[in-house]
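Structural description and commentary
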Amino acid sequence: MQAPADVQVTETLTGFYWFEDGILCSTSKPDPPKLTPEQQKEEADRFFAQFGKQRYCMLIDGKHIKPNTKEERKKAAEIMPEFTRAVAVIVHNPLGRMVVNLFIGLSKPGYPLKIFKPGEEARAKEWLKQYLND
């Protein structure tokens, strides 16, 4: 998944963010650094400084999703609800599906989260649109 040429893209330590049709899209870097919980919090603070502290519908390209530690999952579960209204994840392989399912099963996110296959980005955006005005 790539950002359209006519949108502003924000780079973080771990990936890239941009808006399309009111949806915050994200793709991670191919080999993002492992972040400590403190670094995760710093990244979240930079995110809020850039995008504002509100809840977004997110489309995440999970092409580079890798297994994470219990500590990383716990911190993500704490931070994500602060800015997440609903999440659609494009999962490219069985390992990515396992990582997302593990996060869902262990963290029990308090927002809708659905997995899609590569090529289903338009379907994922349509699914997310139902949550834009919540």
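Just above, that's the structure.
Note that the structure is a prediction, hence the values are computed from the model and not measured. (Residues numbered from 1 in each chain as written. Predicted model: local features only at pLDDT ≥ 70, side-chain atom pairs only at ≥ 80, totals over all residues. Heavy atoms only, no water.)

Let's shift gears to the nonpolar core. L24, F47, Y56, M58, F83 and V87 are the most contacted members of the largest nonpolar core, which totals 17 residues. The element best represented in this core is helix α1 (residues 37-51), accounting for 4 residues. With near-sequence residues (within four places) excluded, F47 lies in contact with Y17, L24, G52, Y56 and F83. W18, C57, A88 and F116 belong to the second-largest nonpolar core, a separate cluster that totals 13 residues. (Core = buried A, V, L, I, M, F, W, Y, C linked by side-chain atoms within 4.5 Å. Buried < 20%, exposed > 50% of the residue type's maximum accessible area, 1.4 Å probe, protein only. Helix = DSSP H or I, 4+ residues; strand = E, 2+ residues; numbered from the N terminus. Contact = heavy atoms within 4.5 Å.)

As for its position among the elements, T27 is in strand β3 (residues 23-28). Those residues in contact with T27, other than ones at most four positions away along the chain, are M1, G15, F16, W18 and D61.

Think of a pair of aromatic rings as described by two things: how far the centres are apart, and how the planes are tilted against each other in angle. As enumerated under the stated definition, the model contains 5 aromatic pairs in all. Between F19 and Y56, the aromatic rings sit 5.5 Å apart at their centres with planes inclined by 55°, giving tilted as the arrangement. Placement of F19 in strand β2 (residues 15-20) and of Y56 in strand β4 (residues 56-61) is noted, with a sequence separation of 37 residues between them. Note on F19: relative accessible area 33%, which makes it partly exposed. (Phe/Tyr/Trp six-rings, centres within 6.5 Å; stacked < 30°, edge-to-face > 60°.)

A few words now on helix α4 (residues 121-129). Every buried residue of α4 is listed here: A124, K125, W127 and L128. For α4, the arc enclosing every buried residue in end-on projection is 160°, short of the 170-degree limit, so these residues lie on one face. Seen from the open side of α4, the exposed residues pointing more than 90 degrees away from its buried face are A122 and E126. The inward-facing, buried residues of α4 abut β2, β3, β4, β5 (84-90) and β6 (113-116). (Arc of directions from axis to C-beta.)

With respect to the helices and strands, the residue T12 is situated in the loop between β1 (10-11) and β2. The residues contacting T12, other than those within four sequence positions of it, are Y17, K29 and E43.

Overall, mixed pairing links the 6 strands, which are arranged β1-β2-β3-β4-β5-β6 in an open sheet. In this open sheet, the two edge strands, each paired with only one partner strand, are β1 and β6. Where β2 and β3 come together, 6 bridges link them in antiparallel fashion. In the sheet register, F19 faces β3, and the bridge partner there is L24. Running over the sheet, α1 touches β1, β2, β3 and β4 and is turned about 30° from β2. Each of β2, β3, β4, β5 and β6 is contacted by α4, which is oriented at about 165° to β5, the strand it contacts most. (Pairing = 2+ DSSP bridges. Axes fitted to C-alpha atoms, helices over the stretch in contact; angles between N-to-C directions.)

Following the sequence through the fold, S28 ends up in strand β3. Through-space distance from the C-alpha of S28 to that of K63 is 7.7 Å; in sequence the pair is 35 residues apart. Apart from the residues within four sequence positions on either side, S28 is in contact with T14, G15, D61 and H64.

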